[in-house]
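Spelled out from the first residue to the last, the chains are:
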Amino acid sequence: MRRTRVLTAVLALAAGLLTGGPPALAADAPEPATTLAADTYTWKNARIDGGGFVPGIVFNRSEKNLAYARTDIGGAYRWQESTKTWTPLLDSVGWDDWGHTGVASIASDSADPDRVYAAVGTYTNDWDPGNGAVLRSTDRGASWRKADLPFKLGGNMPGRGMGERLAVDPHRNSVLYLGAPSGKGLWRSTDSGASWSQVTAFPNPGTYVQDPGDTSGYASDNQGIVWVTFDESTGTPGSATRTIYVGVADKENAVYRSTDAGATWQRLAGQPTGHLAHKGVLDAENGHLYLAYSDTGGPYDGGKGRLYRYATATGAWTDISPVAEADTYYGFSGLTVDRQRPGTVMATAYSSWWPDTQIFRSTDSGATWTQAWEYTSYPNRENRYTMDVSSVPWLTWDAHPSPPEQSPKLGWMTEALEIDPFDSDRMMYGTGATVYGTENLTDWDDDATFTVTPMVRGLEETAVNDLASPPSGAPLLSGLLDIGGFRHTDLTKVPSMMFTQPAFTATTSLDFAEAGPDTVVRVGNLDSGPHIAFSTDNGAHWFAGTDPSGVSGGGTVAAGADGSRFVWSPQGAGVHHTTGFGTSWSASSGIPEGAVVESDRVDPKTFYGFTSGKFYVSKDGGATFTASPATGLPSGDSVRFKALPGAKGDIWLAGGASDGAYGLWHSTDGGQSFTRLPGVDEADTVGFGKAAPGASYQTVFTSAKIDGVRGIFRSTDQGRSWTRINDDAHQWGWTGAAITGDPRVYGRVYVATNGRGIVYGDTSDTGGGDDGGSGTDPGPDPEPEPTGACVVTYEITNQWPDGFQAQVRVTNTGSKTWNGWSLSWSFTDGQRVSQLWNGAHTQSGSAVTVRNTDWNGTVAAGSSVGFGFTASRSAANPDPAAFHLDGRACTVT
């Protein structure tokens, strides 16, 4: 991804993210103090497939087809071989711990493949208010326990493609090492990641910073200890590996070694200087440590680089670079060896942005090399590969470059490169936008072409700025960082192309005309060119508008209800208005620069604005605004508001900060006055969807904290009561940018995440409104009082050789509300529950009982409640045959 990924993401964070309070230090969050109604939702991604930087891919060395990927802001994933997809592993990260969606490193335990570790934390400067942590799992990432660290980690910092910083001792897997940034040194755990202490004997915490003059702390941080590699030939099972190599961000002292299991350390003698060692990969069979060097830490920069081979037995260094240093304009980073064919090594020119990245391959330990593409007669080139991106067609970027550039590109920011240790034909590599791979790699050696395809399905890594669901046409329009945005006509399919003509590097705001949703407008950031675009066919095709003088960024935009006029509040210029499609703009009066703007969804001449605690109203198409007399609104600018479709002057406003007014407000008089909704402690987004059956008012959705509980909430009665519709397993870190319901599907909601793409949820509730809302704490373990019939759905959502994950949904098909519930069943093949969420469980032998928590005990007639769990299993793993609710049999579907 481009540098805008970092900067615009942080701007989004600064707009509201840092108001969420300090990260929780306890491994388990406390139960909420009050009762909230709950509904069971099914959550999926609107498919984009990729969209962000994948800096690390890790294969387990002892179990075939077990692989993990880490992203810089979007969590970690596990490969699912049966479906050729990636399963997200960190969706349980909550609002207060949002920084733990940035994964600085990941490690898979080859001695015990069920164990996996993730070093998490997004920024080392004050953009992230919390420290880093090491998450540990004994069920392949289905559930996690957390060890907090006394320092920050930087999953989205410069140097994040170097690594891996986290490593498990292959012979004594209770021992792990972690390289820290920010001068914090080398750390070790001897209890399988439960606790950590600094290796005080390690002599060098690193010296390299990208830009010492950066006052934000982002580019001026010491990149620290960047990789750890064990020499498995120097140990036996049960005893700590004796020889360990560590890479340090120091151009003069890049590699250190211990030969006594980490007791003492020495700088490797004779090592090259002047560059940083991005990776250190050991071929223990041949006794070769391969090192990829660049003159900078990456992942965007790098002008020179080298490849070296170190003979572990003799200490000899050999420059094995495939080209002379004078001919490099890039650094090396991606580095891998073929475990099935010792002597085969591959590397990437990660920072070769133009005309393309380069991949190098040697089958003789680096003595000679071939490359993925070569010039025939410049600018023409010959490729050893073919590319098929038909599964993710937008990867062409609708580009039609002149040679030597091609579309699609082989990649950029290619710092992750791995040959499957069990299959010489399979290779995966990460780019700034996707994971590519091949399954016929060895054709390279036969002078035949190998095929490169996206291997990214299930890995959704976009950061979302805005969402819109029109009443007709495509169900979803999105504004994204880095890749602009999409028009989804089918949520289960990858759109053919992102928004183009122009293609923004980030779409910051979009809107449609409520009465004529074929008219759509979007604004965004672009290095050069217009910052606004219009569509007259519901976003299928676009044409550029004209910027007012001084515009430097997208800002926010609003379309009049009939599409005849627009109001735009861009960065770098004041609020402007226009009739028609932006061929000329006039400055609006009475409203400050930088205000957030929206339109009334009924009156085409009424527009609204907000900034610095003041609400503004225009009744003449945006020409003049008048400040509302409303008081008590948030004083800062971390506010999002929307007008209700079909009702003139009905406005909902969310936002604020923890040191001032923070919540959800409602106006029914066009913003002249606002009423704060009781019970809503904090709110950051608001949106509307189809009304519930029998309800006259549209469904309201918000990302909020209500009665002490953070989550995604729904109300079908104008905010008098609320239903939390997500659960602890589905939180996605920060969800404060945008939310909208679907005007055509009751209960459907689209949620913006900061790195996990567009998440959408569908309810199991057939309607009838929300039951209850906030109420009195019923106390611990209320007696279940279910009456009437019940239906149970039991679904295994994931499984591995000795474990599985399941989801259970219980529907109240009777006529009375349950005030507390208890569900029981028996396993028939020795399964045992290891962790359960959204309920409290006990197990005696084969018998399992699950009771409600204190926030999901109330289940109205016709509604459902759900919980999930992980468990151990045998080979068969049959489903339970029967379920009983308070002793009465349920129907099983």
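Keep in mind the model is a prediction, meaning the values are calculated, not measured.

Definitions and limits used
Residues numbered from 1 in each chain as written. Predicted model: local features only at pLDDT ≥ 70, side-chain atom pairs only at ≥ 80, totals over all residues. Heavy atoms only, no water. Helix = DSSP H or I, 4+ residues; strand = E, 2+ residues; numbered from the N terminus. Buried < 20%, exposed > 50% of the residue type's maximum accessible area, 1.4 Å probe, protein only. Contact = heavy atoms within 4.5 Å. Areas by Shrake-Rupley, 256 points an atom, 1.4 Å probe, with all protein chains shown as cover. Lys, Arg positive; Asp, Glu negative; His and termini not counted. Charge placed at Lys NZ, Arg CZ, Asp CG, Glu CD. Pairing = 2+ DSSP bridges. Salt bridge = Lys/Arg side-chain N within 4 Å of Asp/Glu carboxyl O. Phe/Tyr/Trp six-rings, centres within 6.5 Å; stacked < 30°, edge-to-face > 60°. pLDDT = per-residue confidence, 0-100. Axes fitted to C-alpha atoms, helices over the stretch in contact; angles between N-to-C directions. Polar contact = N/O pair within 3.5 Å; in protein donor to acceptor, adjacent residues only side chain to side chain. Disulfide = S-S within 2.5 Å. Patch = residues over 30% accessible without salt bridge, like charges linked within 9 Å, V, L, I, M, F, W, Y side chains within 5 Å.

## Some details on the overall build of the chain
Line of reasoning, step 1. If you tally the helices and strands in the chain, you get 1 helix and 72 strands.
Line of reasoning, step 2. C-alpha extents for the chain along the principal axes are approximately 80 × 70 × 50 Å.
Line of reasoning, step 3. Expressed as a percentage of the 893 residues in the chain, the buried residues total 63%.
Line of reasoning, step 4. For the chain, the proportion of contacts with a sequence separation of at least 24, taken over those separated by at least 6, is 57%.
Line of reasoning, step 5. A total accessible area of about 29,600 Å² is found for the chain, and carbon and sulfur atoms account for 48% of it.
Line of reasoning, step 6. Computed over 64 positive and 96 negative side-chain charges, the separation of the two mean positions in the chain equals 1 Å.

## Remarks on the sheet that holds strand β47 (residues 614-618)
Line of reasoning, step 1. Spatial ordering of the open sheet is given by β45-β46-β47-β48, a layout of 4 strands whose pairing is antiparallel. Taken across any chain shown, the strands that pair with only one partner, and hence form the sheet edges, are β45 (596-599) and β48 (626-627).

## Concerning the pattern of salt bridges
Line of reasoning, step 1. Within the structure shown, the criterion is met by 29 salt bridges.
Line of reasoning, step 2. Between Asp 97 and Lys 146 there is a salt bridge; the shortest N-O distance is 3.4 Å. Of the two residues, Asp 97 sits in the loop between β6 (85-88) and β7 (103-108) while Lys 146 sits in strand β10 (residues 145-148), which places them 49 residues apart along the sequence. In this structure, Asp 97 and Lys 146 share a single accessibility class: buried.

## Brief notes about the packing of aromatic side chains
Line of reasoning, step 1. This model, assessed by the stated rule, comprises 49 aromatic pairs.
Line of reasoning, step 2. Their ring planes at 25 degrees and their centres at 5.4 Å tell us that Tyr 41 and Trp 43 sit as a pair that is stacked. When sorted by exposure, Tyr 41 lands in the same class as Trp 43, which is buried.
Line of reasoning, step 3. An angle of 85 degrees between the planes, with centres 5.6 Å apart, marks the rings of Tyr 330 and Phe 332 as edge-to-face. For the pair shown, Tyr 330 and Phe 332 are each scored as buried.

## A word on the pairing of strand β62 (residues 803-812)
Line of reasoning, step 1. For β62, the tally of buried residues reaches 8 of 10 residues, placing the bulk of the element in the interior.
Line of reasoning, step 2. The sheet contact formed by strand β61 (residues 790-800) and β62 spans 10 bridges and is antiparallel. The residue of β62 that forms the bridge with Glu 795 is Gln 807.
Line of reasoning, step 3. Between β61 and β62, which pair antiparallel one after the other, the connecting turn spans 2 residues.
Line of reasoning, step 4. Looking at chain direction, β62 and strand β69 (residues 864-872) are connected through 9 bridges and run antiparallel. Its bridge partner lying in β69, Gln 805 is registered against Thr 870.

## Examining the confidence of the model for the chain
Line of reasoning, step 1. The pLDDT averaged across the chain works out to 92; a share of 93% of its residues lies at or above 70.
Line of reasoning, step 2. Contacts from residues 1-35, a stretch scored under 50 in pLDDT, to residues over four places away or in other chains number 99 contacts.
Line of reasoning, step 3. Within the model, pLDDT remains below 50 along residues 768-787, and this stretch shows 52 contacts once partners closer than five positions in the same chain are excluded.

## Considering the sheet that holds β6
Line of reasoning, step 1. Pairing is antiparallel in the open sheet, where 4 strands are placed in the order β3-β4-β5-β6. Edge positions in the open sheet fall to β3 (56-59) and β6, since each of these has one partner strand only. The average angle at which neighbouring strand axes cross in this sheet is 30 degrees, direction not considered.
Line of reasoning, step 2. Two strands pair when backbone bridges link them, and strand β5 (residues 76-80) and β6 are joined in this way by 4 bridges, in the antiparallel orientation. For Trp 79, the partnering residue across the bridge sits in β6 and is Trp 86.

## Describing the environment of Lys 279
Line of reasoning, step 1. Structurally, the position occupied by Lys 279 is in strand β19 (residues 276-283).
Line of reasoning, step 2. Taking the C-alpha atoms as reference, Lys 279 lies 16 Å from Thr 431; in sequence the two are 152 residues apart.
Line of reasoning, step 3. The residues touching Lys 279, leaving out its near neighbours within four places in the chain, are Gly 161, Met 162, Gly 163, Trp 227, Tyr 290, Leu 291, Ala 292, Ser 333, Leu 335 and Glu 415.
Line of reasoning, step 4. A polar atom in the side chain of Lys 279 sits 3.2 Å from the side chain of Ser 333.

## Comments concerning the state of the cysteines
Line of reasoning, step 1. Applying the stated criterion to the full structure yields 1 disulfide.
Line of reasoning, step 2. In this model Cys 790 forms its disulfide with Cys 890; the gap between the sulfur atoms is 1.9 Å. Judged by the torsion about the S-S bond (-90 degrees), the Cys 790/Cys 890 disulfide is left-handed. Of this pair, Cys 790 sits in strand β61 while Cys 890 sits in the loop between β71 (888-889) and β72 (891-892), placing them 100 residues apart in sequence.
Line of reasoning, step 3. For Cys 790, a relative accessible area of 4% corresponds to the buried category.

## Description of the side chain of Glu 598
Line of reasoning, step 1. Within the fold, Glu 598 resides in strand β45.
Line of reasoning, step 2. Of the buried charged residues, Glu 598 lacks a salt bridge, with Arg 601 as the closest side chain of opposite charge at 5.2 Å.
Line of reasoning, step 3. Here Glu 598 is in contact with Ala 558, Phe 607, Tyr 608 and Phe 641, once residues within four sequence places are set aside.

## So, unusual backbone geometry
Line of reasoning, step 1. Residues Trp 354 and Pro 355 are joined by a peptide bond in cis, for which omega reads 0 degrees.
Line of reasoning, step 2. Tracing the sequence through the fold places Pro 355 in the loop between β24 (345-349) and β25 (358-362).
Line of reasoning, step 3. One non-glycine residue, Asn 65, lies in the positive phi region at around 70 degrees.
Line of reasoning, step 4. Relative to the helices and strands, Asn 65 resides in the loop between β3 and β4 (67-70).
Line of reasoning, step 5. A positive phi angle, near 50 degrees, is found at Asp 707, a position not held by glycine.
Line of reasoning, step 6. Turning to its location among the elements, Asp 707 is positioned in the loop between β55 (699-706) and β56 (709-715).
Line of reasoning, step 7. For Asp 707, a relative accessible area of 19% puts it in the buried group.

## A few points about the environment of Pro 322
Line of reasoning, step 1. Within the fold, Pro 322 resides in the loop between β22 (317-319) and β23 (335-337).
Line of reasoning, step 2. Sequence separation between Pro 322 and Thr 368 is 46 residues, and the spatial gap between their C-alpha atoms is 7.2 Å.
Line of reasoning, step 3. Not counting chain neighbours up to four residues away, the residues in contact with Pro 322 comprise Leu 307, Phe 332, Phe 360 and Trp 369.

## A look at a nonpolar patch on the surface
Line of reasoning, step 1. Residues Trp 354, Tyr 375 and Tyr 378 make up a contiguous nonpolar surface patch of about 360 Å² in total accessible area.
Line of reasoning, step 2. With respect to the helices and strands, Tyr 375 occurs in strand β27 (residues 373-375).
Line of reasoning, step 3. In this structure Tyr 375 comes out as partly exposed when scored by relative accessible area, which is 37%.

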